[in-house]
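Per-entry structural report
Chain residues, written in single-letter form:
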Amino acid sequence: MNPRAHNPIARWTWCEKCEHRGYHARSDAKTVRKRHHGEKGMSVFVCPHTDGMFHVGHRPDALTGGEIDRQLLRNQAVQAAAAGEW
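Our subject in this report is the structure included herewith. (Residues numbered from 1 in each chain as written. Predicted model: local features only at pLDDT ≥ 70, side-chain atom pairs only at ≥ 80, totals over all residues. Heavy atoms only, no water.)

**Things to note about the overall build of the chain**
Helices and strands together make up the secondary structure of the chain, namely three helices and four strands. Each helix and strand of the chain, ordered N terminal to C terminal, gives the series β-β-α-β-β-α-α. The buried share of the chain, reckoned over its 86 residues, is 28%. In the chain, the share of contacts with a sequence separation of at least 24, taken over all contacts with a separation of at least 6, comes to 40%. (Helix = DSSP H or I, 4+ residues; strand = E, 2+ residues; numbered from the N terminus. Buried < 20%, exposed > 50% of the residue type's maximum accessible area, 1.4 Å probe, protein only. Contact = heavy atoms within 4.5 Å.)

Put into structure tokens, the structure is as follows:
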């Protein structure tokens with residue numbers, strides 16, 4: 001068996017549009033987030049460009065402050081991608 005098969009950190013692909021590592025399972029992204037230094041500010045979020053891919057990154061200040069929700073954030077990313085701004 002491939003040694004990477006049970007290592008979620010090694011199972012990722014590069015998202016060209018987001019320029020982030022993409023994980024094909026939310027559980028893999030959560031495992032990576034927990035191992036990341038400074039995990040408190042990190043969040044697992046769905047890639048707006050590729051179905052079934054998840055990214056790990058910092059939450060926007062507006063999301064943390066409650067000014068916007070995750071659905072609005074995703075809609076903005078999808079609109080920006082459609083307009084070619086992303």
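**Here's the deal with the pattern of salt bridges**
Taken as a whole, this structure holds one salt bridge when the rule is applied. Of the charged contacts, one joins R11 and D28 as a salt bridge, the two residues approaching to 2.7 Å between their closest N and O atoms. Of this pair, R11 sits in the segment before β1 (13-15) while D28 sits in helix α1 (residues 26-35), placing them 17 residues apart in sequence. (Salt bridge = Lys/Arg side-chain N within 4 Å of Asp/Glu carboxyl O.)

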